[in-house]
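Residue-level structural notes
Residues per chain, in single letters:
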Amino acid sequence: MICFDVLFSAVDVVKQRMQLGYYANVRHCVRSIVRTEGFVALYRSLPLTVLMNIPYAGIMVSINESMRTILRPFEPEVDGSAHSSQIHMVTALFSGAVGGGVAAALTTPLDVVKTRLQTQSLQPCPIKQKALENVVKGVDMSALHVRKYRSAIQTITTVIAEEGMKGLLRGWLPRVLTNAPAAGISWAVYEGVKNFLI
């Protein structure tokens, strides 16, 4: 998991920035970030990403296994035996979705902090720059991309001070709604392939 985070932390930063509409394409995004913020900007959130993914995985697996234990007696018969060693696909799908959803909800504050660290310091959007200059004439645009957050702890305290605790929960529902089905499908596919191979 940590190797995955190291490899894809920079990709996640680029994805976040691209979704905000600040760059024409991936190459433009990477070159702009490295030129204006340095190579380290691509990995600024890596420690927090690792810190978030470890409890996410632990919570997801724990709840997934607990749900399987609870649902196991209600599974339909497979191959004539009431409870074979194979997990029923519906049980795997539902258990994985519950585990992924709960893990996503509980780790949302860390994801908020990670996203804020990844998307701060944005240079003015080249695509939207002209429209913004026409609306805000005479305003110093450099103030719009000052680095506000320095560390995870400082980001947490700033968000709480400015937005209250609810600021750390921004986006929890979309996060749950994307992570729950993804985790459920992943566990169901895993169990299906395992059952096929065994």
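Preceding this section is the structure that the text describes.
Let us look at the structure shown here.

With that settled, consider the overall build of the protein chain. Scanning the protein chain for helices and strands turns up 8 helices and 0 strands. Counting from the amino terminus, helix and strand elements in the protein chain follow one another as α-α-α-α-α-α-α-α. Relative to its 198 residues, the protein chain shows a buried fraction of 38%. Sequence-distant contacts in the protein chain: of pairs separated by 6 or more residues, those separated by 24 or more amount to 73%. Carbon and sulfur atoms make up 69% of the accessible area of the protein chain, which totals about 11,500 Å².

Pairing is possible between side chains that carry opposite charge, provided their charged atoms lie close to one another. On inspection of all chains with the given rule, the structure shows 13 salt bridges. As a salt-bridge pair, lysine 148 and glutamate 162 come within 2.8 Å of each other at their nearest N and O atoms. Of this pair, lysine 148 sits in the loop between α6 (129-135) and α7 (152-163) while glutamate 162 sits in helix α7; the two residues are 14 residues apart in sequence, bridging distant segments of the chain. By relative accessible area, which is 41% here, lysine 148 ends up partly exposed. In this structure, the salt-bridge partner of lysine 194 is glutamate 191, at a minimum N-O distance of 3.3 Å. On the criterion of helical spacing, the pair formed by lysine 194 and glutamate 191 is a turn pair, its members being 3 residues apart in helix α8 (residues 172-197). Using a relative accessible area of 30% as the deciding quantity, one classes lysine 194 as partly exposed. Look at glutamate 191 and you get buried, because its relative accessible area is 1%. Through salt bridges with shared partners, one network takes in Asp12, Lys15, Asp111, Lys114 and Arg175.

Let's shift gears to helix α2 (residues 26-37). With 12 residues, α2 extends 16 Å between its outermost C-alpha atoms, agreeing within 8% with the 16 Å of an ideal straight helix rising 1.5 Å per residue. Structurally, α2 contributes buried residues whose contacts are with α1 (2-19). In this structure asparagine 25 caps α2, since a side-chain oxygen of it lies 3.2 Å from the backbone nitrogen of arginine 27. Residue glycine 38 follows α2 closely and has a positive phi angle near 90°.

To continue, consider the nonpolar core. Within the largest apolar cluster, 8 residues are counted, these being Ala10, Val13, Val14, Tyr23, Cys29, Ile33, Ala41 and Leu42. At the level of secondary structure, the elements contributing two or more residues to this core comprise α1 and α2. In terms of residue count, the dominant contributor to this core is α1 (3 residues). Look past the residues within four positions of alanine 10 in its chain and what remains in contact with it is Leu42 and Tyr43.

Next up on the list: the packing of helix α4 (residues 89-106) against α8. Two elements in contact, α4 and α8, have axes separated by 6 Å at closest approach and are oriented at 145°. Every pair of crossing elements has a handedness; the one defined by α4 and α8 is right-handed. Mapping the contact onto sequence places Met89, Ala92, Leu93, Gly96, Ala97, Gly100, Gly101, Ala104 and Ala105 in α4 and Arg175, Val176, Asn179, Ala180, Ala183, Gly184, Ile185, Trp187, Ala188, Glu191 and Gly192 in α8. Taken together, the residues that form the contact of α4 with α8 break down as 12 nonpolar, 6 polar and 2 charged.

Moving on, we come to the packing of aromatic side chains. A complete count under the given rule lists 3 aromatic pairs for this structure. A centroid spacing of 5.7 Å and a plane angle of 45° characterise the contact between phenylalanine 39 and tyrosine 43, whose relative ring orientation is tilted. Since its relative accessible area comes to 54%, phenylalanine 39 is described here as exposed. Classification of tyrosine 43 as partly exposed rests on a relative accessible area of 27%.

All right, on to a nonpolar patch on the surface then. On the surface, a cluster of nonpolar side chains totalling about 790 Å² of accessible area is made up of Leu93, Ile185, Val189, Val193, Phe196, Leu197 and Ile198. Per-element accounting of the nonpolar patch gives the leading share, 5 residues, to α8. As for its position among the elements, isoleucine 185 is in helix α8.

Cut-offs and rules
- Residues numbered from 1 in each chain as written.
- Predicted model: local features only at pLDDT ≥ 70, side-chain atom pairs only at ≥ 80, totals over all residues.
- Heavy atoms only, no water.
- Helix = DSSP H or I, 4+ residues; strand = E, 2+ residues; numbered from the N terminus.
- Buried < 20%, exposed > 50% of the residue type's maximum accessible area, 1.4 Å probe, protein only.
- Contact = heavy atoms within 4.5 Å.
- Areas by Shrake-Rupley, 256 points an atom, 1.4 Å probe, with all protein chains shown as cover.
- Salt bridge = Lys/Arg side-chain N within 4 Å of Asp/Glu carboxyl O.
- Expected span 1.5 Å × (residues − 1).
- Polar contact = N/O pair within 3.5 Å; in protein donor to acceptor, adjacent residues only side chain to side chain.
- Core = buried A, V, L, I, M, F, W, Y, C linked by side-chain atoms within 4.5 Å.
- Axes fitted to C-alpha atoms, helices over the stretch in contact; angles between N-to-C directions.
- Left-handed = near helix turned anticlockwise from the far one by under 90°.
- Nonpolar A, V, L, I, M, F, W, Y, C, P; charged D, E, K, R; others polar.
- Phe/Tyr/Trp six-rings, centres within 6.5 Å; stacked < 30°, edge-to-face > 60°.
- Patch = residues over 30% accessible without salt bridge, like charges linked within 9 Å, V, L, I, M, F, W, Y side chains within 5 Å.

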